[in-house]
Amino acid sequence: MAKFTFDEINSMYFDVLKEIGNIGAGNATTAVATMLSIKLNMEVPNVKLTAVQDLNTAIGSEEEEIVGIYLSVQNDIEGSLMFLLKMDAAHYLVNRLLGRSDDYNEPFDEMDLSAMKEIGNIIAGSYLSALSAMTNMNIAPSVPYIAVDMAGAILSIPAIQFGQYGDNALLIETAFGDEIMLEGYFILLPELDSYDKILASLGIVL
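Owing to the predicted nature of the structure, the values given are computational and were not obtained by experimental measurement. (Residues numbered from 1 in each chain as written. Predicted model: local features only at pLDDT ≥ 70, side-chain atom pairs only at ≥ 80, totals over all residues. Heavy atoms only, no water.)

**Section: the overall build of the chain**
Then, number 1: When its secondary structure is counted, the chain shows six helices and eight strands.
Then, number 2: Ordered by position from N to C terminus, the α and β elements of the chain give α-β-β-β-β-α-α-β-β-α-α-β-β-α.
Then, number 3: When burial is assessed residue by residue, the chain has 50% of its 206 residues classed as buried.
Then, number 4: About 9400 Å² of surface is accessible on the chain, with carbon and sulfur atoms providing 49% of the total. (Helix = DSSP H or I, 4+ residues; strand = E, 2+ residues; numbered from the N terminus. Buried < 20%, exposed > 50% of the residue type's maximum accessible area, 1.4 Å probe, protein only. Areas by Shrake-Rupley, 256 points an atom, 1.4 Å probe, with all protein chains shown as cover.)

The structure is reproduced here in structure tokens:
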């Protein structure tokens, strides 16, 4: 039985998880900037515990259409990672990658979805690379899955998973951009014994 729970988290554990979120989001922003050959600034991420029942509205209305990138995490730790973008941010990044004008706003076609999946893969991979470097653990992502749907439908996946482990979920909000700041959201979903391993690798004994 895992010792870690989000319901009994103390300030020291939360500070460590927050630092992981900061470094991971920073790595991801740098990777996107390199991929798109642009300069991106990043605001300090907001790492917070969110009640599982509130996840469906954590980034806005349940009925708002968003993009979700979901992948499994494997090897030394197990779990999953979800990266979420609002549609304006998703269109902006895809337009930059495909060389379109910033105001192009047609519904995503197969090419757009493929481009968004690649951006999501780079972002998630960079986040996990930062976590791997911090913990000296072998952490590998699976092939990502992408969904464009209402927020309530996409966020029902982590809500169900977190609901097995406690009443709270770890949500990382970040904002990055150049002339326009874009909002992105990470939800890291390791199995709870994997949180034990992460914290232990950083010298924190539960």
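**Looking at the nonpolar core**
Then, number 1: Of all hydrophobic cores here, the largest spans 45 residues; its most connected members are Leu81, Leu85, Leu93, Met116, Tyr127 and Phe186.
Then, number 2: Secondary structure elements with two or more residues in this core: α1 (11–36), β3 (65–75), β4 (79–86), α2 (87–98), α3 (110–135), β7 (168–177), β8 (181–190) and α6 (192–201).
Then, number 3: With residues near it in sequence (within four places) discarded, leucine 93 still touches Val32, Leu36, Leu85, Ile119, Phe176 and Leu182.
Then, number 4: Core analysis: the second largest hydrophobic core is formed by 15 residues, Leu55, Ile59, Leu155 and Leu189 among them. (Core = buried A, V, L, I, M, F, W, Y, C linked by side-chain atoms within 4.5 Å. Contact = heavy atoms within 4.5 Å.)

**Points about the packing of α2 against α3**
Then, number 1: At a closest axis distance of 9 Å, the pairing of α2 and α3 adopts a crossing angle of 100 degrees. Taken together, α2 and α3 sit at an angle that is classed as roughly perpendicular. On the side of α2, the interface is formed by Ala90, Leu93, Val94, Leu97 and Leu98, while α3 contributes Met111, Asp112, Ala115, Met116 and Ile119.
Then, number 2: Considering only residue class, the contact of α2 with α3 consists of nine nonpolar, no polar and one charged. (Axes fitted to C-alpha atoms, helices over the stretch in contact; angles between N-to-C directions. Parallel < 35°, antiparallel > 145°, perpendicular 65-115°, else oblique. Nonpolar A, V, L, I, M, F, W, Y, C, P; charged D, E, K, R; others polar.)

**Let's talk about the pairing of β3**
Then, number 1: As judged from the six bridges shared by β3 and strand β6 (residues 145–150), these two strands associate in the antiparallel manner. Opposite valine 67, over in β6, you have valine 148 as the bridge partner.
Then, number 2: Remark: three residues form the turn of the hairpin made by β3 and β4, two consecutive strands paired antiparallel.
Then, number 3: Bridge count for β3 against strand β5 (residues 139–141) is three bridges, and the pairing is antiparallel. The residue of β5 that forms the bridge with asparagine 75 is isoleucine 139. (Pairing = 2+ DSSP bridges.)

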